Amino acid sequence: SNPEEETAFIAATAKATNKHTARGFRNTMLRSFFGRFAEDDREISFEFELPFVDHDDGAKYSYTAPSFEFWIALVICVALQAVISILFILAAWMLIKKNREKNPTLAFLACYGFLCPAALYLPFALIPFLNIPNMILATPFIILAFANMLHCLEILYDTSPPFAERDVFNFLLYHASPVMLRFHPKTQEVIKATTEEMRHKILLAAFTFCGTIVLQNVLLVTHYEPFGHHELVSVAEYFNWRHLGNNMANAYLAGTNLETGTLIFGALISFVTGYSTIYLNDSPFSKSTSVADFWGRRWNIQIGGLLKTSVFKSCMKNGVSRLVAIFLTFVMSSVLHEYAIQGGSITPLNPTRSPHAPVLGRQSAFFLWNGMMMVLERLIMSNKFIKSTWDTSIPAPIKTLCIVMTSLPISKWFMDDYIGMYLFDDFMVAFPKIRKL
């Protein structure tokens, strides 16, 4: 053989081997980086005593600083989510948007036959590949999956706001943004961000973060039962004050955890794009005036808004009655939450923890119940006398209490699997920890 050819072959092989080795090294480093968050192994920063507390027993407390590496890991996961979303939405632009009118069959097949299954499969490949053992770090990829699926439905049935349809940049910005943009309710035009709004979001994020620290520490040491353990042996026990108090504390914790991240990343998106982003929650436990108001305009506006544009509006556009469209939206919500629980269960198990098997159907029961409550409310409020009495004669705090009580007694069905799978324990790494020694 020709010596020059042999030399060229050896050089090419060495180059390919080095490239493969470098890539493998980077993958190993990334897997090792995420793998360190399998358990909370932070060292105690310092010990202290509380003033005005009886110290005869020699009681001391420890303070453990939050892990800044964890926040870096979370930013990396959100950045990966954003990159994957951009690539996915570009594929949706090419396969669905461009074929929606001229070749609807191809657009339909691309949506349901390729992109939606690919979106739902992706976390089950990515989470083990990246060796992510922490539920919070896995969450962006799980949210990514069903958000991209819902965006595909929105694109297929053309229910996006006009802003998203103008050009490919707006299309990507609307569909791939990790935090939803805000639109004017009448014109459906995107709202411009202001410096005051961004400043308010940063201050609110700091306030919410501090509140979450306190609540997270209290709930962790009480095993998420701050009002004491209560067995549910009968239907009446669902209305026991201890049970309701525990449910409210855990629901508030879920809300503040999500709100903190949404405010921080939302302010960052507003700074980069100049567009306003949503506030995740709008006082659902203190200002709700109806079941529809609670679920449609106040609690988790990110997912609620996406379900509204992708499922509810698609159903209405295709001739489905309003009541059926409402219920089908909750059916989709129940399916997606079941999916989220199953997706979270694939994270590698910490050997120091007891395994938890999610109860299939519990998420569905919770959301289907609330779907029925919304349909029932609409049927009842169709009576003009009842609606007038509710609107004008019932004090606002009583209204809110009634609305919250339609779901609070059974919110354990929703929260138990997340608690059992150590979702909130995993987030504790991001917060200061105070413990009695």
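Predicted, not measured: the structure shown is a model, and the values here were computed from it.

Enquirer: I keep staring at the overall build of the protein and nothing clicks. Help me out?
Expert: Counting secondary structure elements, the protein contains 17 helices and three strands. In the protein, which comprises 437 residues, the proportion classed as buried is 45%. Within the protein, counting contacts between residues at least 6 apart in sequence, those at least 24 apart form 73% of the total.

Enquirer: Explain unusual backbone geometry to me, please; I cannot follow it from the model alone.
Expert: Trans is the common state for peptide bonds, and a negative phi is the common state for residues other than glycine. Not every positive phi belongs to a glycine, and Asp158 is a case in point at roughly 55 degrees. Asp158 gets classed as partly exposed once you look at its relative accessible area, which sits at 32%. Residue His223 is not a glycine yet carries a positive backbone phi of 55 degrees. The residue His223 is located in the loop between helix 7 (195-221) and helix 8 (241-273) in this model. His223 gets classed as exposed once you look at its relative accessible area, which sits at 63%.

Enquirer: Help me understand the packing of aromatic side chains in this model?
Expert: The relation between two aromatic rings is expressed through the spacing of the ring centres and the mutual angle of the planes. Considering all chains together, one arrives at 27 aromatic pairs under this definition. Judged by centre distance (5.8 Å) and plane angle (65 degrees), the rings of Phe124 and Tyr339 are edge-to-face. Residue Phe124 is found in helix 3 (residues 104-129), and its partner Tyr339 is found in helix 12 (residues 322-344); the two are separated by 215 residues along the sequence. Accessibility expressed as a relative area gives 31% for Phe124, which makes it partly exposed. Directly above the aromatic system of Tyr279 lies the positively charged group of Lys201, at a separation of 4.9 Å from the ring centroid.

Enquirer: What is the right way to read the environment of Leu87 from this model?
Expert: Mapped onto the fold, Leu87 is located in helix 2 (residues 68-95). Along the primary structure Leu87 and Leu172 are separated by 85 residues, whereas in three dimensions their C-alpha atoms are 9.2 Å apart.

Enquirer: Looking at this structure, I do not really get the nonpolar core. What am I missing?
Expert: Most often, soluble globular proteins keep nonpolar side chains buried together rather than apart. If you look at the biggest cluster of nonpolar residues, it comprises 92 residues, and the most contacted ones within it are Ile96, Ile132, Leu137, Trp295 and Phe424. The element contributing the most residues to this core is helix 4 (residues 135-156), with 16 residues. Phe163, Ala164, Val190 and Tyr275 belong to the second-largest nonpolar core, a separate cluster that totals eight residues.

Enquirer: Teacher, can you tell me more about the side chain of Asn257 here?
Expert: Relative to the helices and strands, Asn257 is located in helix 8. Of the residues examined, Asn257 reaches a relative accessible area of 10% and is grouped as buried. Setting aside its immediate chain neighbours within four residues, Asn257 contacts Thr212, Gln216, Phe424, Phe427 and Phe431.

Enquirer: I would appreciate a short explanation of the packing of helix 7 against helix 8 in the present structure.
Expert: Working note: a packed helix pair is described by the angle between its axes plus the distance between those axes. Here helix 7 crosses helix 8 at 150 degrees, and the two axes come no closer than 8 Å. Relative to helix 8, helix 7 is oriented roughly antiparallel. Of the two possible hands of crossing, helix 7 and helix 8 adopt the one that is left-handed. For the contact of helix 7 with helix 8, the residue count by class is 14 nonpolar, eight polar and three charged.

Enquirer: Hey, could you run me through the sheet that holds strand 2 (residues 61-64) in this one?
Expert: For sheets, the rule is that strands pair by backbone hydrogen bonds, running either parallel or antiparallel. Strand order in this open sheet of three strands is 1-2-3, and the pairing throughout is antiparallel. Lying at the two open borders of the sheet, with one neighbouring strand each, are strand 1 (46-48) and strand 3 (433-436). Each neighbouring strand pair of the sheet contributes to a mean axis angle of 25 degrees, computed without reference to strand direction. Here strand 1 pairs with strand 2 via three bridges, running antiparallel. Residue pairing across strands places Phe48 opposite Tyr61, the latter belonging to strand 2.

Enquirer: Before we go on, may I ask you to explain a nonpolar patch on the surface in this structure?
Expert: On the surface, Val83, Ile86, Leu87, Leu90, Val168 and Phe169 cluster together into a nonpolar patch covering about 520 Å² of accessible area. The dominant element in the nonpolar patch, judged by the number of residues it contributes, is helix 2, at four residues. Looking at where Phe169 falls in the secondary structure, it is placed in helix 6 (residues 168-176).

Enquirer: Please explain helix 13 (residues 362-380) as it appears in this structure.
Expert: For an α-helix, 3.6 residues make a turn, and residues three or four places apart therefore share a direction. Between its first and last C-alpha, helix 13 extends 27 Å over 19 residues, near the 27 Å set by a 1.5 Å rise per residue. The set of residues buried in helix 13 consists of Gln363, Ser364, Phe366, Phe367, Asn370, Gly371, Met373, Met374, Val375 and Glu377. Contacts from the buried residues of helix 13 go to helix 10 (291-298), helix 12, helix 15 (396-404) and helix 16 (411-420).

Enquirer: Whenever I open this one, the side chain of Gln363 confuses me. Can you help?
Expert: Relative to the assigned elements, Gln363 resides in helix 13. Overall, Gln363 belongs to the buried group, its relative accessible area being 0%. Non-local contacts of Gln363, meaning those with residues more than four positions away in its chain, are made with Ser334, His337, Glu338, Ile341, Trp413, Phe414, Asp417 and Tyr418.

Enquirer: Please explain the confidence of the model for the protein as it appears in this structure.
Expert: On average, the protein scores 85 in pLDDT, and the residues at 70 or more come to 89%. Per-residue pLDDT stays below 50 along residues 20-26; that stretch engages in zero contacts with residues further than four places along the chain or on separate chains.

Enquirer: Honestly, the pattern of salt bridges in this entry has me stumped. Any pointers?
Expert: Pairs can form between side chains of opposite charge once their charged atoms are near each other. For the structure on display, the rule yields 12 salt bridges. Across the pair Asp158 and Arg100 runs a salt bridge whose closest N-O atoms are separated by 3.6 Å. Of the two residues, Asp158 sits in the loop between helix 4 and helix 5 (162-165) while Arg100 sits in the loop between helix 2 and helix 3, which places them 58 residues apart along the sequence. Judged by its relative accessible area of 14%, Arg100 falls in the buried class. The network of salt bridges with shared partners includes Lys97, Arg100, Asp158, Glu165 and Lys317.

Enquirer: Where do I start with the pairing of strand 2 in this structure?
Expert: Every other side chain in a regular strand lies on the same face of the sheet, so the side chains alternate between the two faces. Sheet topology places strand 2 next to strand 3; four bridges connect them, and they run antiparallel. When the sheet's bridge partners are listed, Ser62 is paired in strand 3 with Arg435.

Enquirer: Honestly, the environment of Gly35 in this entry has me stumped. Any pointers?
Expert: In this structure, Gly35 sits in helix 1 (residues 3-35). A residue is classified by how much of its surface remains accessible, and Gly35, at 23% relative accessible area, is partly exposed. Gly35 sits 98 residues away from Pro133 along the chain, and the two C-alpha atoms are 6.2 Å apart.

What counts and what doesn't
- Residues numbered from 1 in each chain as written.
- Predicted model: local features only at pLDDT ≥ 70, side-chain atom pairs only at ≥ 80, totals over all residues.
- Heavy atoms only, no water.
- Helix = DSSP H or I, 4+ residues; strand = E, 2+ residues; numbered from the N terminus.
- Buried < 20%, exposed > 50% of the residue type's maximum accessible area, 1.4 Å probe, protein only.
- Contact = heavy atoms within 4.5 Å.
- Phe/Tyr/Trp six-rings, centres within 6.5 Å; stacked < 30°, edge-to-face > 60°.
- Lys NZ or Arg CZ within 6 Å of the ring centre and 35° of its normal.
- Core = buried A, V, L, I, M, F, W, Y, C linked by side-chain atoms within 4.5 Å.
- Axes fitted to C-alpha atoms, helices over the stretch in contact; angles between N-to-C directions.
- Parallel < 35°, antiparallel > 145°, perpendicular 65-115°, else oblique.
- Left-handed = near helix turned anticlockwise from the far one by under 90°.
- Nonpolar A, V, L, I, M, F, W, Y, C, P; charged D, E, K, R; others polar.
- Pairing = 2+ DSSP bridges.
- Patch = residues over 30% accessible without salt bridge, like charges linked within 9 Å, V, L, I, M, F, W, Y side chains within 5 Å.
- Areas by Shrake-Rupley, 256 points an atom, 1.4 Å probe, with all protein chains shown as cover.
- Salt bridge = Lys/Arg side-chain N within 4 Å of Asp/Glu carboxyl O.
- Expected span 1.5 Å × (residues − 1).
- pLDDT = per-residue confidence, 0-100.

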